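Spelled out from the first residue to the last, the chains are:
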Amino acid sequence: MRFPGLIEKESLEDPLRLLATFCSEEHLDRLKEIKNPRLWRDIAEVALVARPASIYVNTGSDEDKDYIRKRALENREEYPTVHPMHTVHFDGPKDLARDKGNTRILYPGGRQVPLINTFDRDAGLTEIGKLLSGVMSGKEMFVSFYLYGPRYSKLSLYGVQITDSAYVAHSEEILYRNGYWDFVEKGEELEYMLFIHSAGERDENGWSKNVENRRIFIDLEGNSVYSVNTQYAGNTVGLKKLALRLAVYKGYREGWLAEHMFIVGVKGRGGRISYFTGAYPAGCGKTSTAMIADTVVGDDLAIIHAVNGEARAVNPEVGMFGIIDDVNPRDDPEIYSILVNPSAEVIFSNVLLMEDGNIWWRGKPGEPKKGINYAGEWWPGKKDENGKEILPSHPNARFTVSIRHLSKLDPRIDDPEGVPVSGFIFGGRDPSTLPPVLEAFDWKHGIVTMGASLESERTAAVLGQVGVMELNPYAILDFLPISVGAFTALHFEFEKKLARPPKIFSVNYFLREDGKFLAEKRDKIAWLKWMEQRVHGEAQAIETPVGYIPTYEDLREIFARELGKEFKEDLYEKMFTIRVKGFLEKIERVTKIYSTIPDTPREFFEIMDKQTQRLKALEAMHGQKVSPFKFDKK
Ligand code: SPV
Ligand code: MN
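Residues numbered from 1 in each chain as written. Chains lettered and ligands numbered in written order. Predicted model: local features only at pLDDT ≥ 70, side-chain atom pairs only at ≥ 80, totals over all residues. Heavy atoms only, no water.

A.B. asks: Looking at this structure, how should I read helix 4 (residues 62-74)?
C.D. replies: The periodicity of an α-helix, 3.6 residues per turn, causes residues three or four positions apart to be oriented the same way. Compared with the 18 Å implied by 1.5 Å per residue over 13 residues, the 18 Å span of helix 4 between its first and last C-alpha is a close match. When helix 4 is considered as a whole, its buried residues turn out to be Asp-64, Ile-68, Arg-69 and Ala-72. The arc that holds every buried residue of helix 4, seen down its axis, measures 135°, which confines them to one face. Opposite the buried face of helix 4, at more than 90 degrees from it, the exposed residues are Asp-62, Glu-63 and Asp-66. Looking at the buried residues of helix 4, the elements they touch are helix 2 (25-33), strand 1 (54-57), strand 3 (86-89), strand 6 (140-148) and helix 6 (166-175). Two residues or fewer past helix 4, Arg-76 is found with a positive phi of approximately 55°. (Helix = DSSP H or I, 4+ residues; strand = E, 2+ residues; numbered from the N terminus. Expected span 1.5 Å × (residues − 1). Buried < 20%, exposed > 50% of the residue type's maximum accessible area, 1.4 Å probe, protein only. Arc of directions from axis to C-beta. Contact = heavy atoms within 4.5 Å.)

If you want it as structure tokens, here you go:
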């Protein structure tokens, strides 16, 4: 039982009888088909506490999908547009992003974990129980079943979503594989994550009214997540970032990895495809890298297991919840063409819905006209109470769409065995130090100096302090339920199961000189192709104190072939100069943080120390800035 204080234990003794008071006969039969008494009890308990008017059991059939869409429109959780398959959802002005402060990992005794927002489990469950009490009265409760990965895959997990939001259920139908029949097939043996969500009371605009009581509590012990008084998908769509935390924890106990990474294929010699996974903090080029690769398996998440000595990855999702701001036909032709295709089902969130039923977001050709947006009615020039102009569409406006519309979709997206991973990429935004691409000496060197040390520059737009580097280990810090020291140790352990661990690379598209970016946006493909060749031992490399860098000759050849562009020697030299001071400062910043994290493996510090020594030796010989032409080729 989750809420022993709120309901009598006996009331759950016959969960089906209890559920019969909430479900029509047809929907009760749908639940009975899944022969799993624990599941019946879970649903019955939530219903007893939240008191919905009715329960809708979603089997993922076309009729059910249509019904959920229809309900989202009727409830004004979504609005119609000129295209029947396109709808618009608004989260409300105070609910436009993930709420870090109120997203907490429940630990018995409220154990403190450095860098992680934890809370006492008992206190958390008590608080959430109160917030959930009667919260669904008068509303319909949707119960849906999903796979978190391909069907019949040992790498996949399962999730049950309970929500009073048709928008959340609708989003999940687009983003995940419906697993009702898998639940039926597996019955009692099935272990599942449980996501319980309520948008709470909604105001006349449809926004959650009590956002100050927004809570997202992750109960590791109960393999469950509770989310109330919020609608933003990053806070509510269970199978997205809520499941990621549960998956990281499960992987930690079982010895596999759940990562905040894309999975892409890069074509090499003879048409072979090599797969890479990539972790980038927000605003560091994750989506654009995924879209520039030759094939896409996933754009956000990866579950990675060691199978017969090989790292294999699956995408738990089949959809994208992507940022729409600045998506335009020139820079993002693929995504743009999907978003304007009337036959693709899309939920747009927090864009501008104009009076004529068309939508507009920044980057879309044409002018924004009067309509409604994330802050209510909008007209050109509208200002907020501080006299600041209100943007027509929000910077975190997004699209929710099936990944299957991508022309580059990898044919192995549904492969239960996953795809073999040749390389891990860690990408940060660094204006002054990291070269565009760098290969680690080995797995541990990469995990420590690239993954665990991943940083990103705060941008002026966000916090006003340009150039401050912020640590975001593995780009997963916001979603980590355990200490980053333990997560690093897990990566060390993972290597032991691999006959040939993936190579590890770092990339940085944001190196600047005199305020100007040294690399062009489309150069990303060149770095990917170099990595692909390195995986197969085809490209040469230069050993530096911080890892291997490409040779000028190889890059010149790759730029000419892939981009039809002459890659100039002096640009190469600028890009790949080893900036000793910057590297030493980075080590100092990062080590200082890890020295406050008690379970950081000792080897972490040893690897960092060795890197410091190599850098100092180089500095003694060649100074603070060392041209790549000063090193020997390997
Ligand atoms: C991210 O912020 O990493 C996202 C969007 O992918 S959210 O679902 O909000 O986490
Ligand atoms: Mn993400």
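Still more to cover.
A.B. asks: Would you explain the packing of helix 18 (residues 580-594) against helix 19 (residues 602-622) in this entry?
C.D. replies: Helix-helix packing is characterised by the crossing angle of the two axes and by the distance between the axes. Two numbers describe how helix 18 lies on helix 19: the axes approach to 10 Å, and their chain directions differ by 160°. Taken together, the axes of helix 18 and helix 19 are roughly antiparallel relative to one another. Both helix 18 and helix 19 take part in a crossing whose hand is left-handed. Touching Val-580, Phe-583, Leu-584, Ile-587, Val-590, Thr-591 and Tyr-594 of helix 18 are Phe-604, Phe-605, Met-608, Gln-611, Thr-612, Leu-615, Lys-616, Leu-618 and Glu-619, all from helix 19. (Axes fitted to C-alpha atoms, helices over the stretch in contact; angles between N-to-C directions. Parallel < 35°, antiparallel > 145°, perpendicular 65-115°, else oblique. Left-handed = near helix turned anticlockwise from the far one by under 90°.)

A.B. asks: So what exactly am I meant to see when it comes to the site of ligand 1 here?
C.D. replies: With respect to spatial proximity, the complete set of residues near ligand 1 consists of Arg-98, Tyr-232, Gly-234, Lys-240, Lys-241, His-260, Asp-300, Phe-321, Arg-398 and Phe-479. At a separation of 2.6 Å, an oxygen atom of ligand 1 approaches a polar side-chain atom of Lys-241. Here an oxygen atom of ligand 1 and a side-chain polar atom of Asp-300 are 3.4 Å apart. A total of 280 Å² of accessible area belongs to ligand 1 in isolation, and the protein chains cover 88% of it. The residue inventory of the shell around ligand 1, partitioned by class, reads three nonpolar, two polar and five charged. (Near = heavy atom within 4 Å. Polar contact = N/O pair within 3.5 Å; in protein donor to acceptor, adjacent residues only side chain to side chain. Areas by Shrake-Rupley, 256 points an atom, 1.4 Å probe, with all protein chains shown as cover. Nonpolar A, V, L, I, M, F, W, Y, C, P; charged D, E, K, R; others polar.)

A.B. asks: Even after reading the chapter, I still don't get the packing of aromatic side chains, so can you show me in this structure?
C.D. replies: The way to describe two aromatic rings as a pair is by their centre distance and the angle between their planes. Summed over the entire model, instances satisfying the criterion amount to 36 aromatic pairs. When the ring of Trp-443 is compared with that of Phe-494, the centres are 6.4 Å apart and the planes differ by 40°; the resulting orientation is tilted. Remark: Phe-494 occurs in helix 14 (residues 484-496) and Trp-443 occurs in helix 12 (residues 443-451); sequence separation between them is 51 residues. Of the two residues examined, Trp-443 and Phe-494, each falls in the buried class. Taken together, the ring pairs connect Trp-527, Tyr-552, Phe-559, Phe-567, Tyr-572, Phe-576 and Phe-629 into an aromatic cluster. The ring centre of Phe-492 lies 5.0 Å from the NZ or CZ of Lys-444, which sits over that ring. (Phe/Tyr/Trp six-rings, centres within 6.5 Å; stacked < 30°, edge-to-face > 60°. Lys NZ or Arg CZ within 6 Å of the ring centre and 35° of its normal.)

A.B. asks: Whenever I open this one, the coordination of the manganese ion (ligand 2) confuses me. Can you help?
C.D. replies: Tetrahedral coordination by four donors sets the ideal angle at the metal to 109.5 degrees; octahedral coordination by six donors sets it to 90 or 180 degrees. Summarising the metal site, the manganese ion (ligand 2) is bound by the protein donors Lys-241 (NZ), His-260 (NE2) and Asp-300 (OD), whose distances to it range over 2.2 to 2.4 Å. Each donor residue of the manganese ion (ligand 2) belongs to the same chain, with the gaps between them written as K-x18-H-x39-D. With His-260 in the loop between strand 12 (257-259) and strand 13 (262-267) and Asp-300 in the loop between strand 15 (295-298) and strand 16 (302-307), this residue pair connects regions lying 40 residues apart in the sequence. Relative accessible area serves as the criterion here: at 9%, His-260 is assigned to the buried category. (Donors = N, O, S within 2.8 Å, 3.2 Å for Na, K, Ca; no water.)

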